Amino acid sequence: MAQNPIWSSIKSLISAPATLDETFRKLPMFEKLNRKQMKEVERIIHRRTYRAGEEIFHAGDTGVALYVILAGEVRIVIPGENPDEGVEVARLSAGDLFGELALLDSSPRSASAVAASPTEAAALARPDWLDLIDRQPAIGVEMLLPLAKMLAVRLRAANKATVEELRAAKASKEK
Amino acid sequence: MNLKAHDERGAWWPVLLTATVVFAALYMVRSTLPPVILAGIMAYLLNPFVDFGERRTLPRWAVIGIIYLIIVGLIILSVFYLVPALINQLTDIQRELRSLWPLVPAYLDVWVDWARSRFPSAVSMIVGDEPLGVRVVVGAQSWITSAITQAPTMLTSVLTNIANFLLYFVMVPFIAFFLLRDGRAFKMWVIQLVPNRYFETTLHVVGGIGESVGRYLRGLLIQATILATIASIGLTIAGVKYAVIIGVVAGIANMIPYIGPTFGVLIGLIIVITTSEGSVLGVLIVFGIAQFIDNWFVAPVVMSRSVKLHPLIVFLAVILGGTYAGILGMFLAIPVTGAAFVTFRRLREGLKPPVYATEP
């Protein structure tokens with residue numbers, strides 16, 4: 001039976017566990033925060049529950065939040081030419097983080113995120129995060145450095161992949 | 001050509017339904033809204049100071065307490081300084097008017113007789129054939145008689161107004177305290193109720209409103225402070241009595257579009273005319289310079305990133321606000337219209353159904 005979304009939101013409020021600390025501590029972006037700083041971050045976290053198959057966000061939409069999976073599984077999908085088509089590029093599980101680029105700018109999402117099973121996620125919204133950084137800049141520094149590192153690793157990997165692709169293309173051309 | 005869109009997203013009706021229910025609920029409790037709105041404005045304006053204190057690792061409630069103590073101190077000081085000055089001022093004005101009053105009918109008759117000798121039919125059509133001075137005196141006498149008969153009712157209404165004022169005086173800071181301390185938690189709680197489908201769009205809309213309205217109100221506060229400073233210094237140099245009070249009142253009044261700047265000048269002129277200290281030209285020059293600096297240098301800088309509305313929209317919004325909610329409506333017209341525009345733009349962005357590739 002399909003659940004009423006408003007009712008499920010209220011239910012998630014009532015049944016929310018006390019702390020997110022344990023899950024967040026394992027993520028590089030949050031690991032340097034001290035207990036007090038972590039409490040401040042927790043205050044601006046939105047806890048959301050999703051049914052299996054429910055879309056968390058859609059490719060092309062303005063990105064506003066980063067998500068950390070607390071329970072369940074999420075598929076990252078690049079939509080195809082038709083609504084029913086799509087390529088799954090990643091399958092994430094509890095403790096994984098996605099949509100982090102939305103914290104840096106409000107550019108459109110590059111892929112869709114869909115709950116593969118009943119999922120609980122913690123969302124950190126950009127406006128709330130910027131407001132927190134404005135009030136407590138130290139938190140911003142502790143979170144931004146690991147985020148920059150994460151992006152640098154990805155950029156290096158992307159560069160490497162591009163170079164390899166170019167090399168392969170050149171080699172096949174020479175043959 | 002066949003364009004396909006996701007059927008669940010892009011649904012406007014739940015948003016419209018929610019908006020209708022919210023507006024209907026607000027309409028039903030409209031009489032209780034002004035103190036909440038004023039508390040909201042107060043919270044918005046004080047929030048940067050509370051954040052400033054929080055940045056220095058003070059708890060929010062402590063910073064709010066300190067700010068409230070400062071405000072109460074300033075109010076007490078200004079009451080001690082302002083009330084005797086105001087009483088003196090009103091006594092002066094009363095004395096001036098008392099000496100002027102017997103001359104009014106005679107003056108009026110001289111002017112009306114002059115006009116009657118040139119345009120007899122027009123004047124008798126407008127003011128009648130009876131001498132105007134007599135009519136003014138009779139009219140004033142009958143107004144005083146009716147005021148005396150209605151005194152008990154008037155007194156009750158005055159007392160009710162004073163009670164309302166005192167209630168506001170307590171209620172507004174009380175509500176503002178909780179909005180400042182727990183405003184974020186309230187916002188989070190409301191957003192938690194939003195269905196997943198509209199979650200990111202809601203975050204986007206709320207973020208946009210907070211950004212633009214916050215910037216507007218803070219910009220307004222900066223503008224008011226700068227204008228009050230320029231006017232106070234200018235009026236002091238021009239030798240106007242109560243220069244600082246006039247400057248501060250003009251700065252606050254300046255927050256109300258269109259009528260605010262005029263109000264400041266009027267107060268300055270009234271004080272100059274009744275006290276005979278300083279000159280009318282001096283007041284006009286000081287406010288002219290203050291408005292020039294405000295409109296050409298301050299406003300473009302502090303308001304550049306706040307609500308961006310066409311001047312005609314601003315004008316219409318201010319008229320509409322004034323018609324339905326008086327001075328408060330005029331003050332709120334621009335931020336509310338700005339928020340409505342941001343909401344609409346971001347909702348359109350968020351609820352726009354995704355367009356998939358066209359099929360050949």
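A few points on the structure. (Residues numbered from 1 in each chain as written. Chains lettered and ligands numbered in written order. Predicted model: local features only at pLDDT ≥ 70, side-chain atom pairs only at ≥ 80, totals over all residues. Heavy atoms only, no water.)

Remarks on the interface of chain B and chain A
Our working rule: Residues are treated as being in contact if the distance between any of their heavy atoms lies within 4.5 Å. Two parts lose some accessible area (1.4 Å probe) when they are put together, and adding that loss for both gives the buried area. Any carboxyl oxygen of Asp or Glu within 4 Å of a side-chain nitrogen of Lys or Arg constitutes a salt bridge here. By the criterion applied in these results, polar contacts are pairs of N or O atoms within 3.5 Å in which, for protein atoms, one can donate a hydrogen and the other can accept it, and in which residues neighboring in sequence qualify only through two side-chain atoms. Note on conventions: DSSP H or I runs of at least 4 residues are helices, E runs of at least 2 residues are strands, and numbering of each starts at the N terminus. Side-chain classes follow a simple rule in which Ala, Val, Leu, Ile, Met, Phe, Trp, Tyr, Cys and Pro form the nonpolar group, Asp, Glu, Lys and Arg form the charged group, and the remainder, Gly included, forms the polar group.
Counting from both sides, the interface comprises 26 residues of chain B and, opposite them, 39 residues of chain A. Between chain B and chain A, the buried area comes to about 2900 Å², and carbon and sulfur atoms account for 52% of it. Of all residues in chain B, Q192(B), N196(B) and E200(B) bury the most surface against chain A, accounting for 25% of the area lost on that side. Across the contact surface, chain B and chain A share five salt bridges. The residue D128(A) makes a salt bridge to K187(B) at a minimum N-O spacing of 3.0 Å. On the surface where chain B and chain A come into contact, there are 13 residue pairs in polar contact (both at pLDDT 80 or more). Contributing elements (two or more residues each) for the side of chain B that touches chain A: α2 (33-55), α7 (151-192) and α8 (199-237) of chain B. Per-element accounting of the side of chain B that touches chain A gives the leading share, six residues, to α7(B). Its residues assigned to classes, the side of chain B that touches chain A comprises 11 nonpolar, four polar and 11 charged.

Side note on α2(B)
Residue and element names in this part refer to chain B. Our working definition: An expected span of 1.5 Å times one less than the residue number is assigned to each helix. The bend at a residue is defined as the angle formed between two axes, one fitted to the seven residues ending at that residue and one fitted to the seven starting there. For each residue, the accessible area found with a 1.4 Å probe, counting protein chains only, is set against the maximum for its type, and the residue is called buried under 20%, exposed over 50%, and partly exposed in between.
For α2, built from 23 residues, the straight-helix expectation of 33 Å at 1.5 Å per residue is met to within 8% by its first-to-last C-alpha distance of 32 Å. Helix geometry: α2 is bent most strongly at L46, by close to 40°, with proline P48 lying one to four residues after it. Within the sequence span of α2, burial applies to P35, A39, I41, M42, A43, L45, L46, N47, V50, D51, G53 and E54. Trailing α2 by a residue or two, T57 shows a phi angle of about 60°, which is positive.

Quick notes on the pairing of strand β7 (residues 112-115) of chain A
Residues and elements named next belong to chain A. Convention followed: Only when DSSP finds a minimum of two bridges between them are two strands counted as paired.
Judged by which residues are buried, β7 turns out to be covered on both faces: S112 and V114 on one side and A113 and A115 on the other are all buried. The pairing of strand β2 (residues 55-57) with β7 spans two bridges and is antiparallel. The residue of β7 that forms the bridge with F57 is A113. In this structure, strand β4 (residues 73-79) lies alongside β7, joined through four bridges in antiparallel fashion. Of the residues in β7, the one forming a bridge with R75 is V114.

Regarding the packing of aromatic side chains
Rule in force here: Any two of the Phe, Tyr and Trp rings considered here, Trp counted by its six-membered ring, make a pair once their centres fall within 6.5 Å; the pair's planes then place it as stacked at under 30 degrees, edge-to-face at over 60, or tilted in between. Whether a charge lies above a ring is judged from NZ of Lys or CZ of Arg, which has to be within 6 Å of the ring centre and within 35 degrees of the ring normal.
Considering all chains together, one arrives at 10 aromatic pairs over all chains under this definition. Ring centres of Y67(A) and F98(A) lie 5.3 Å apart, and the angle between their planes is 10°; this geometry places the pair in the stacked category. Remark: F98(A) occurs in strand β6 (residues 97-98) and Y67(A) occurs in strand β3 (residues 65-71); sequence separation between them is 31 residues. Assessed through its relative accessible area of 0%, Y67(A) is described here as buried. Grouped by ring-pair contacts, the aromatic residues F57(A), Y67(A), F98(A) and F199(B) constitute a single cluster. The cationic tip of R109(A) hangs over the ring face of F57(A); the distance from NZ or CZ to the ring centre is 3.8 Å.

A closer look at the environment of V114(A)
All names here are of chain A. For V114, the location among the structural elements is in strand β7. Since its relative accessible area comes to 14%, V114 is described here as buried. Here V114 is in contact with G53, E54, E55, I56, E73, V74 and R75, once residues within four sequence places are set aside.

Remarks on the side chain of R60(B)
Residue placement: R60(B) occurs in helix α3 (residues 60-100). Within the structure, the side chain of R60(B) is placed 2.7 Å from the side chain of N47(B), a separation counted as a polar contact. Aside from chain neighbours lying at most four places away, what touches R60(B) is R135(A), N47(B), V50(B), D51(B), E54(B), L180(B), R181(B) and R184(B).

Details of the nonpolar core
Stated precisely, the cut-off is as follows: Throughout, nonpolar core names a set of buried Ala, Val, Leu, Ile, Met, Phe, Trp, Tyr and Cys residues whose side chains join them through atoms within 4.5 Å.
Formed by 23 residues in total, the largest nonpolar core has its most connected members in F24(A), F30(A), L124(A) and M143(A). Only α3 (28-31), α4 (35-43), β3, β8 (119-125), α5 (126-135) and α6 (137-174) of chain A provide two or more residues apiece to this core. Counting 20 residues, the second largest nonpolar core, distinct from the first, contains Y67(A), A115(A), F199(B) and L203(B).

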